[in-house]
Amino acid sequence: QVQLVESGGGLVQPGGSLRLSCAASQGVFAIGALAWYRQAPGEERELVAQTSSNGEPYYSESVKGRFNIVRDLPNVAVHLYMNNLRPEDTAVYYCYGYLQITEMSPAAGYWGQGTHVTVSS
């Protein structure tokens, strides 16, 4: 069973930057969409940024112009560069990948375990 492993969360001051990384625990046959979601306390999980299988990026309005999603296909990885962070960006960030593990298996969605990001002075 493939796992998505995240890293890079932590505490940062407003206006600061962080890079989140997510990598699969093994190689896969095909990669579809790769995305980052976040969930703040008491809130629903929301899509932050996504890169589709053709590389087209999508950003939520709240992060557009501040966040950048980058795919690393050879390593089955995706990174989220977060700049000019705000207190309202505080959340648990989850990596998501739509992956086909082998040629014979159907594609499915996989989630990382989540990494905490706290933006506070």
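*Asks:* How do you make sense of the state of the cysteines when you look at a structure like this?
*Replies:* Where two cysteines share a covalent bond between their sulfur atoms, that bond is called a disulfide. Throughout the structure, instances matching the rule amount to one disulfide. Across the disulfide from Cys-22 sits Cys-95; the S-S distance is 2.0 Å. Across the S-S bond linking Cys-22 and Cys-95, the dihedral sits near -70°, which makes this disulfide left-handed. Linking Cys-22 in strand E3 (residues 18-24) with Cys-95 in strand E9 (residues 91-100), this pair joins segments that are 73 residues apart in sequence. For the residue pair Cys-22 and Cys-95, the accessibility class agrees, reading buried in each case.

*Asks:* Is there a simple way to think about the pairing of strand E11 (residues 115-119) in this case?
*Replies:* A regular strand places its side chains so that they alternate between the two faces of the sheet. Only one face of E11 is covered, namely the one carrying Thr-115, Val-117 and Val-119; the face carrying His-116 and Thr-118 has none of its residues buried. Pairing of strand E2 (residues 10-12) with E11, which is carried by three bridges, proceeds in the parallel orientation. Of the residues in E11, the one forming a bridge with Leu-11 is Thr-118. As paired strands, E9 and E11 are joined by three bridges and run antiparallel to one another. What sits directly across from Ala-91, in E11, is Val-117.

What counts and what doesn't
- Residues numbered from 1 in each chain as written.
- Predicted model: local features only at pLDDT ≥ 70, side-chain atom pairs only at ≥ 80, totals over all residues.
- Heavy atoms only, no water.
- Disulfide = S-S within 2.5 Å.
- Helix = DSSP H or I, 4+ residues; strand = E, 2+ residues; numbered from the N terminus.
- Buried < 20%, exposed > 50% of the residue type's maximum accessible area, 1.4 Å probe, protein only.
- Pairing = 2+ DSSP bridges.

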